[in-house]
Amino acid sequence: MLSLEHIRNICSGEILISEPLAPMTSFRIGGPVDIYIEPQNTDELVALIGYLRKTDVRYIVLGNGSNILISDEGFRGVVLNIEKHFSDVSLDQGIVTAGAGVRLSKFVDFCVRHGFAGTEMLAGIPGTLGGAVIMNAGAYGGEISDSMIDVTVLREGEVRRLNAEECGFRYRNSDLWDDIVLAARFRLPEGDEEQLRARRKELLIKRNAAQPVDRPNAGSIFKNPEGTFAAKLIEECGLKGRRFGAALISERHANFIVNTGGARAADVIEAINVIRREVYAKTGVELEPEIQLIGFADDVITPLHGVTS
Ligand SMILES: Cc1cc2nc3c(=O)[nH]c(=O)nc-3n(C[C@H](O)[C@H](O)[C@H](O)COP(=O)(O)OP(=O)(O)OC[C@H]3O[C@@H](n4cnc5c(N)ncnc54)[C@H](O)[C@@H]3O)c2cc1C
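Everything quoted here is computed from the prediction, not taken from an experiment.

Conventions used here
Residues numbered from 1 in each chain as written. Predicted model: local features only at pLDDT ≥ 70, side-chain atom pairs only at ≥ 80, totals over all residues. Helix = DSSP H or I, 4+ residues; strand = E, 2+ residues; numbered from the N terminus. Rg over C-alpha atoms; globule rule 2.2 N^0.38 Å. Buried ≥ 20, exposed ≤ 12 C-beta atoms within 10 Å, placed from the backbone. Contact = placed C-beta atoms within 7 Å. Pairing = 2+ DSSP bridges. Domains from an automatic or database assignment. Nonpolar A, V, L, I, M, F, W, Y, C, P; charged D, E, K, R; others polar. Axes fitted to C-alpha atoms, helices over the stretch in contact; angles between N-to-C directions. Parallel < 35°, antiparallel > 145°, perpendicular 65-115°, else oblique. Near = placed C-beta within 6 Å. Expected span 1.5 Å × (residues − 1). Core = buried A, V, L, I, M, F, W, Y, C linked by C-beta atoms within 7 Å.

*Asks:* Hey, could you run me through the overall build of the protein chain in this one?
*Replies:* The helix and strand inventory of the protein chain stands at seven helices and 16 strands. Taken over C-alpha atoms, the radius of gyration comes to 20 Å for the protein chain, in line with the 19 Å a tight globule of 309 residues would show. Overall, the C-alpha framework of the protein chain stretches about 55 × 50 × 35 Å when taken along its three principal axes. Residue burial in the protein chain is summarised as follows: out of 309 residues, 40% are buried. The long-range fraction of contacts in the protein chain, counting pairs at least 24 apart against all pairs at least 6 apart in sequence, stands at 65%.

*Asks:* Can you help me understand the pairing of strand E11 (residues 158-163) in this one?
*Replies:* Moving residue by residue along a regular strand, the side chains alternate between the two faces of the sheet. Two strands pair when backbone bridges link them, and strand E10 (residues 148-155) and E11 are joined in this way by six bridges, in the antiparallel orientation. For Thr 152, the partnering residue across the bridge sits in E11 and is Arg 161. Counting the residues that bridge the hairpin from E10 to E11 gives two residues, and of these Glu 156 lies at a positive phi of roughly 45°.

*Asks:* Is there a simple way to think about the domain arrangement of the protein chain in this case?
*Replies:* The accessible area lost on association of the parts is a frequent measure of interface size. Structurally, the protein chain comprises domain 1 (4-81), domain 2 (89-196) and domain 3 (214-309). If you average the C-alpha positions of domain 1 and of domain 3, the two centres end up 27 Å apart. Taken together, the contact pairs 16 residues of domain 1 with 16 residues of domain 3. At three residues, the largest contribution of residues to the side of domain 1 that touches domain 3 is made by strand E4 (residues 68-70). Partitioned by chemical class, the residues of the side of domain 1 that touches domain 3 number seven nonpolar, six polar and three charged.

*Asks:* Explain the sheet that holds strand E7 (residues 95-99) to me, please; I cannot follow it from the model alone.
*Replies:* Hydrogen bonding along the main chain pairs the strands of a sheet, whether they run parallel or antiparallel. Spatially, five strands are ordered E6-E7-E12-E10-E11 in an open sheet, and the strand pairing comes out antiparallel. Strands at the two margins of the open sheet, each flanked by one partner only, are strand E6 (89-92) and E11. Here the average twist between neighbouring strands, direction ignored, is 20°. With six bridges connecting them, E10 and strand E12 (residues 180-186) associate as antiparallel partners. Across the sheet, the residue bridging to Val 151 is Ala 184, located in E12. Running over the sheet, helix H2 (residues 42-53) touches E10, E11 and E12 and is turned about 50° from E10.

*Asks:* Looking at this structure, I do not really get the sheet that holds strand E5 (residues 75-81). What am I missing?
*Replies:* Here four strands make up an open sheet; going across it, the order is E1-E2-E5-E3 and the pairing mixed. The open sheet terminates on both sides in strands that have one partner only, identified here as strand E1 (15-20) and strand E3 (59-62). Between one strand and the next, the sheet's axes are offset by a mean angle of 35°, whatever the strand orientation. Pairing of strand E2 (residues 32-37) with E5, which is carried by four bridges, proceeds in the parallel orientation.

*Asks:* How should the packing of helix H3 (residues 104-113) against helix H5 (residues 193-210) be read in this particular structure?
*Replies:* Axes are the key here: two packed helices are described by the angle between their axes and the distance separating the axes. Taken N-terminus to C-terminus, the directions of H3 and H5 make an angle of 150°; their axes are 9 Å apart at the nearest point. Comparing the axis directions of H3 and H5 gives the class roughly antiparallel. Contacts from Val 108, Val 112 and Arg 113 of H3 reach H5 at Glu 193, Leu 196, Arg 197 and Arg 200.

*Asks:* Help me out: how do you make sense of the site of the ligand in this one?
*Replies:* Taken together, 33 residues are adjacent to the ligand, and Gly 63, Gly 127, Gly 130, Gly 131 and Gly 219 come closest. Looking at the shell around the ligand residue by residue, the classes come out as 17 nonpolar, 15 polar and one charged.

*Asks:* Explanation requested: unusual backbone geometry in the structure shown.
*Replies:* Note: most residues except glycine have negative phi, and most peptide bonds are trans. Of note, the phi angle at Ser 18 is positive, near 50°, even though the residue is not glycine. Tracing the chain through its elements places Ser 18 in strand E1. When the 11 C-beta atoms within 10 Å are taken as the criterion, Ser 18 is described as exposed. Phi angles above zero are rare outside glycine, and Tyr 140 is one such case at about 50°. Tracing the sequence through the fold places Tyr 140 in the loop between strand E8 (138-139) and strand E9 (142-143). We classify Tyr 140 as partly exposed; it has 13 C-beta atoms within 10 Å.

*Asks:* I keep staring at helix H7 (residues 265-283) and nothing clicks. Help me out?
*Replies:* An α-helical turn contains 3.6 residues, so a residue and the one three or four places further along point in the same direction. When the terminal C-alpha atoms of H7 are compared, their 27 Å separation across 19 residues agrees well with the 27 Å that a helix rising 1.5 Å per residue should span. Among all positions in H7, only Ala 265, Asp 267, Val 268, Ile 269, Ala 271, Ile 272, Ile 275, Arg 276 and Val 279 are buried. Looking at the buried positions of H7, the neighbouring elements they touch are E4, helix H6 (230-236), strand E13 (243-244), strand E14 (247-249) and strand E15 (257-259). Backbone geometry just downstream of H7 places Gly 284 in the positive-phi region, at approximately 80°.

*Asks:* Which parts of the structure should I look at to understand the environment of Thr 152?
*Replies:* Relative to the assigned elements, Thr 152 resides in strand E10. Residue classification places Thr 152 among the buried residues on the basis of 20 C-beta atoms within 10 Å.

*Asks:* What's the story with the nonpolar core in this structure? I'm lost.
*Replies:* Nonpolar side chains in soluble globular proteins generally cluster together in the buried interior. Leu 69 and Val 268 are the most contacted members of the largest nonpolar core, which totals 86 residues. Ranked by residue count, the leading element in this core is H7, at seven residues.

Pasting the structure below:
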């Protein structure tokens with residue numbers, strides 16, 4: 001059992017009970033969390049995690065909620081939001097340090113303004129640095145880990161600095177899932193500020209034309225399988241525009257599901273299971289979700305055994 005009084009003694013930031021999570025996600029879907037906490041600094045976070053680790057209460061860190069689907073029942077446990085209080089970006093001797101709560105748009109802007117290249121492709125990804133590090137977010141041939149020196153994490157209750165090579169970065173994945181990302185440092189190649197601005201603008205225009213940015217969504221639902229694109233396979237199966245309750249497989253980008261208003265997590269899960277089944281039956285490719293599912297039973301994604309391809 002958690003003691004709220006003890007949590008309040010540890011943490012001076014906001015603490016909310018039965019807080020709805022849908023407004024904290026880009027999908028605008030999901031039920032409430034039992035306890036929502038905004039630790040104000042690393043000391044509070046370390047003390048809080050030390051306490052939570054002594055209980056059997058589950059906890060997760062929420063970034064900007066742009067890569068998650070929360071179940072309709074919500075999350076039984078604690079959500080920690082470090083977005084507000086871990087959002088500094090600084091430059092020292094050619095090294096950019098960014099806190100986990102920094103929005104990627106702010107991080108990119110900082111780098112561009114200081115004439116550093118290699119982050120422009122991240123503009124338009126609506127996440128925090130912490131969420132992007134965990135996911136190894138990327139676009140247009142680049143990934144956030146490309147020019148990374150190291151990552152500071154809270155691991156097993158201790159603050160540790162890991163070299164980028166120790167983080168196991170790979171396509172939309174890392175080995176940091178049991179950690180809390182606190183910050184990352186980058187050594188970026190120099191570039192011309194005007195050219196960097198132009199490149200960022202060009203990629204933003206391209207992104208906005210290709211993605212259904214006018215409706216709530218959670219970005220790509222599936223990872224791209226080796227050698228092809230999830231969107232292409234979904235489109236080839238004739239699934240574009242298929243509706244599941246108020247969840248719609250986007251007409252503009254088939255790897256996006258949009259919330260047309262009042263969609264439930266169950267609608268999105270049904271869409272995911274149908275897409276996986278039909279793509280597997282037609283092409284033999286097993287699509288793997290990229291979005292993180294929070295508050296669901298382990299077997300919510302139906303196995304494809306028995307589906308013939
Ligand atoms: C319109 C749109 C376009 C997108 N385009 C792209 C794209 O081009 N490329 C791409 O890679 N992604 C894209 N995404 C997905 C998403 O924006 C990225 O994955 C982003 O990096 C997620 O960051 P977040 O802060 O929103 O993470 P959240 O969604 O809040 O969290 C994602 C996961 O990371 C964990 N997490 C978050 N912060 C931390 C932390 N500090 N420490 C430990 N764990 C943490 C969460 O618990 C969760 O499991 C897009 C999303 C949208 C809505």
